[in-house]
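# Architecture and fold: a report
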Amino acid sequence: MDKVFIVGAGMTKIGRFFERSARSLFAEALWKAIEDAGGLKPGAIVVGNMTSSVLMEQDNLGPLLADHAGFRGLPAFKVEAACGSGGAAVYTGFALVKSGLVDVVAVGGVEKLTEGVTSEVTKALAQAADAQYELIYGATFTGLNALVMRYYMEKFKYAREDFAYWPLRMHEYASYNPYAQLPRKTTLESILNSPIIADPVRLFDASPIGDGAAVVLLVRGEERARKIASETGRDVLVELSSVALATDSVDIASRKDLLTMESTVLAAREAVSRADISLRQVDYAEVHDAFSITGYLALEDIGFAPKGEAPKLWKEGRFGKGDKPEVNFSGGLKARGHPVGATGVYQVAESYMQIRGDFPGFKASSPEIALTHNIGGVGTVTAVSILKRVK
Amino acid sequence: MRFSVPRYWRERHSYYRLKAAKCLDCGRVTYPYTERCRFCGSSRVVEVELVNEKARLLTYTVIYSAGEGFEDKKPVVIGIVETEESKARLLARITDVDVEELKTGILLEPVLRRINEDGESGLIYYLIAYRPVLKTG
Ligand SMILES: [Zn+2]
């Protein structure tokens, strides 16, 4: 089968945009991607989004966004997998291109979170969890992650402070990223003294609530990709080599092991195998750190760190500049931001630009192989993509 | 929550008797009851009720930033408990305890509590919660 290539990417800055609608944010990201690909227009649009039904009271999002971006008539639809909607959209778009059904697909994500009352937004995001057996008791999304974090701390004997090193580094990386929602450095003291949301999770352990949109353009066939690259004056081709998706239970209590995100284990294994590489070859990764604990579990369950050791290795400086892999130079969900349904697409756009060598933030060391990792729910659904530089 | 009456009513055995599924093939007990084992997919499952079992607190959280409908219930204490005999795990409200006294590993017992209500005229959610077993003697 023909290979799939990424030929353009567009992102909006993430933040609180009272003057911008979801349709306007999405159109900006889409047209940036089209310009980035030398004017190449898509034959279909797949959009990741979680909360439009609840917070915008808007379904039929695909056609709405297509129409308002000037693409009335194209096949367009929304893909929903909670905070993993973006990754699931990449999975879907990859399948459309790989199968030969559509030659050029715009895979995007958009989310508008900042306009609701806080308790309404908290509830909308919590709908990633099991309504009948978790939310009914008053559980929140942060609360569920807090249950996992405490269990991890007690099982592997970590102190609260050990978790502060994740947000510390994410904020530093984000300070270089023009698209980041929180582009400023912070201190251990501010992290450890931030308010408790759901004990032991503090405000600085959690990704912020923000609006944003991102789009990547996927095409089928090396010839087509090469033509676009030469027209846009680039000598680097980036293949989207594989995308895998896997699931686990929605409720966390019924899992075999509370501290293993089985969907991540499965998706990472599948993506790596389909890309015909070994995990050790991965130079760069963007992983899903909705909370500090999620970032550490991601490193372990993808296979970058042994179980129980990620916080220790991270504190020692692993996964930084010059290491293999280098991780989350965007600033991660923690500080780049987490416009939920768009996050998985931001990760692919950022990794694509890191391989191309023109990511406008903290730069990776000329990566050839990158991995992106996007989760919906508390480890419930995971999409993993492998990107490769092609000579 | 704004559940419809049927949606709440049809779960009554899960909510009030803690009806779970015991798999005759892999031996696991999972809550709530499902016709197929959620671990191995087997249809050879039998019903068990967890409501008579005490349980241990595996992990807990104290939620200070509550979701819609729970704003006046803060802080909300949630835990994952493991029942003593069946070793089934479930998420539940932890009640009748001071936040400072919470500790993993403590023994708990099920008790009926009013958890929430949908406004002035909506459903009232009575559910099983867990409280610490008092030491006697
Ligand atoms: Zn079984």
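Small disclaimer: the values here were computed from a predicted structure and weren't measured.

## Regarding the overall build of chain B
Helix and strand counts for chain B stand at 2 helices and 8 strands. Scanning chain B from its N terminus toward the C terminus, one meets helices and strands in the order α-α-β-β-β-β-β-β-β-β. Every one of the 137 residues in chain B was classed for burial, and the buried ones make up 36%. Counted over contacts in chain B with a minimum sequence separation of 6, partners at least 24 positions apart contribute 48%.

## Comments concerning the sheet that holds strand S3 (residues 45-49) of chain B
All names here are of chain B. With antiparallel pairing, the 3 strands of this open sheet are ordered in space as S2-S1-S3. A single partner strand is all that each edge strand has here, and the edge strands are strand S2 (29-30) and S3. Two strands pair when backbone bridges link them, and strand S1 (residues 19-23) and S2 are joined in this way by 2 bridges, in the antiparallel orientation. Bridge assignment links lysine 22 to a residue of S2, and that residue is valine 29.

## Side note on the interface of chain A and chain B
Taken together, the contact between chain A and chain B spans 29 residues of the former and 33 residues of the latter. Of all elements in the fold, only helix H5 (118-126), helix H6 (141-156) and strand S5 (196-199) of chain A reach the threshold of two or more residues within the side of chain A that touches chain B. Tallied by class, the residues present in the side of chain A that touches chain B amount to 13 nonpolar, 9 polar and 7 charged. Judged from the 2 bridges that link them, S5 of chain A and strand S4 (residues 55-63) of chain B form a sheet pairing that is antiparallel. Among the inter-strand pairings, alanine 198 of chain A is bridged to a residue of S4 of chain B, identified as isoleucine 63 of chain B.

## Brief notes about helix H1 (residues 22-36) of chain A
Residue and element names in this part refer to chain A. With 15 residues, H1 ought to run about 21 Å at 1.5 Å a step, and its terminal C-alpha atoms sit 21 Å apart, in line with that. The element H1 is largely enclosed, with a buried count of 11 among its 15 residues. Those residues of H1 lying buried are Ala22, Arg23, Leu25, Phe26, Ala27, Glu28, Ala29, Leu30, Ala33, Ile34 and Asp36. At its buried positions, H1 is contacted by strand S1 (4-11), strand S2 (44-48), helix H2 (52-55), helix H3 (61-68), strand S4 (104-111) and strand S7 (212-220). Glycine 38 lies just past H1 and shows a positive phi near 70 degrees.

## Notes on the nonpolar core
All names here are of chain A. Counting 183 residues, the largest nonpolar core has Ile6, Phe26, Val216, Leu217, Leu218 and Val345 as its most contacted members. It is helix H14 (residues 340-356) that provides the largest number of residues to this core, a total of 9 residues. Once residues within four sequence positions are removed from consideration, valine 216 is found in contact with Ile6, Gly8, Ala9, Ala33, Val107, Val345, Val348, Ala349 and Tyr352.

## Observations regarding H6 of chain A
Taking 1.5 Å of rise per residue, the 16 residues of H6 of chain A would be expected to cover 22 Å, and the 23 Å separating its terminal C-alpha atoms lies within 8% of that figure. Of all 16 residues making up H6 of chain A, 12 are buried, and the element is well covered by its neighbours. Three or more residues of H6 of chain A are buried, namely Phe141, Thr142, Gly143, Leu144, Asn145, Ala146, Leu147, Val148, Met149, Arg150, Tyr151 and Tyr152 of chain A. Residues of H6 of chain A that are buried make contact with H5, S5, strand S6 (201-202) and helix H11 (292-302) of chain A together with S4 and strand S5 (76-83) of chain B. Lysine 157 of chain A sits one or two residues past H6 of chain A and shows a positive phi near 55 degrees.

## Quick look at the pairing of strand S7 (residues 107-117) of chain B
Residue and element names in this part refer to chain B. One ladder, built from 2 bridges, connects S4 with S7; its direction is antiparallel. Its bridge partner lying in S7, alanine 55 is registered against leucine 108. Between S7 and strand S8 (residues 124-132), which pair antiparallel in sequence order, lie 6 residues; one of them, glycine 119, sits at a positive phi of approximately 65 degrees.

## Digging into the environment of leucine 108 of chain B
Residues and elements named next belong to chain B. For leucine 108, the location among the structural elements is in strand S7. Judged by C-beta crowding, with 24 C-beta atoms within 10 Å, leucine 108 ranks as buried. Note: C-alpha distance between leucine 108 and alanine 55 (53 residues apart in sequence) is 5.1 Å. Here leucine 108 is in contact with Lys54, Ala55, Leu57, Val81, Tyr130, Arg131, Pro132 and Val133, once residues within four sequence places are set aside.

## Remarks on the packing of helix H4 (residues 85-98) of chain A against H14 of chain A
Residue and element names in this part refer to chain A. Their axes nearest at 5 Å, the elements H4 and H14 cross at an angle of 60 degrees. When the axes of H4 and H14 are compared, the pair comes out oblique. Two secondary-structure elements touch here, H4 through Ser85, Gly86, Gly87, Ala89 and Val90 and H14 through Val340, Gly341, Ala342, Thr343, Gly344, Val345 and Val348.

## Some remarks on the confidence of the model for chain B
Scored by pLDDT, chain B comes out at a mean of 94, with 98% of its residues at no less than 70. In the predicted assembly, ipTM is 0.96 and pTM is 0.97.

## Here we look at the sheet that holds S1 of chain A
Residues and elements named next belong to chain A. Here we have 10 strands laid out as an open sheet, ordered S3-S2-S4-S7-S1-S8-S12-S11-S9-S10, and mixed in their pairing. The open sheet has two edge strands, strand S3 (76-79) and strand S10 (326-327), and neither has a second partner. The pairing of S4 with S7 spans 8 bridges and is antiparallel. Bridge assignment links alanine 106 to a residue of S7, and that residue is leucine 217.

## A short note on the environment of leucine 299 of chain A
Residue and element names in this part refer to chain A. Within the element layout of this structure, leucine 299 appears in helix H11. We classify leucine 299 as buried; it has 28 C-beta atoms within 10 Å. Between the C-alpha atom of leucine 299 and that of valine 215, which follows or precedes it by 84 residues, the distance is 26 Å. Apart from the residues within four sequence positions on either side, leucine 299 is in contact with Val287, Phe304, Ala305 and Ala310.

## What to know about unusual backbone geometry
Apart from glycine, the bulk of residues carry a negative phi angle, and the bulk of peptide bonds sit in the trans form. Residues lysine 324 of chain A and proline 325 of chain A are joined by a peptide bond in cis, for which omega reads -5 degrees. Residue position: proline 325 of chain A is located in the loop between helix H12 (310-315) and S10. Proline 32 of chain B follows tyrosine 31 of chain B through a cis peptide bond whose omega is -5 degrees. Looking at where proline 32 of chain B falls in the secondary structure, it is placed in the loop between S2 and S3. Although it is not a glycine, aspartate 276 of chain A sits at a positive phi angle of roughly 60 degrees. Mapped onto the fold, aspartate 276 of chain A is located in the loop between helix H10 (262-274) and strand S9 (284-286). Note on aspartate 276 of chain A: 10 C-beta atoms within 10 Å, which makes it exposed.

## Overview of the packing of H1 of chain A against H3 of chain A
Residue and element names in this part refer to chain A. Where H1 contacts H3, the two axes come as close as 9 Å, and the packing angle between them is 65 degrees. Relative to H3, H1 is oriented so that their crossing is right-handed. Contact with H1, carried on its side by Arg23, Phe26 and Ala27, involves Leu64, Leu65 and His68 of H3 and no other residues of that element. Tallied by class, the residues present in the contact of H1 with H3 amount to 4 nonpolar, 1 polar and 1 charged.

Criteria and cut-off values
- Residues numbered from 1 in each chain as written.
- Chains lettered and ligands numbered in written order.
- Predicted model: local features only at pLDDT ≥ 70, side-chain atom pairs only at ≥ 80, totals over all residues.
- Helix = DSSP H or I, 4+ residues; strand = E, 2+ residues; numbered from the N terminus.
- Buried ≥ 20, exposed ≤ 12 C-beta atoms within 10 Å, placed from the backbone.
- Contact = placed C-beta atoms within 7 Å.
- Pairing = 2+ DSSP bridges.
- Nonpolar A, V, L, I, M, F, W, Y, C, P; charged D, E, K, R; others polar.
- Expected span 1.5 Å × (residues − 1).
- Core = buried A, V, L, I, M, F, W, Y, C linked by C-beta atoms within 7 Å.
- Axes fitted to C-alpha atoms, helices over the stretch in contact; angles between N-to-C directions.
- Parallel < 35°, antiparallel > 145°, perpendicular 65-115°, else oblique.
- pLDDT = per-residue confidence, 0-100.
- Left-handed = near helix turned anticlockwise from the far one by under 90°.

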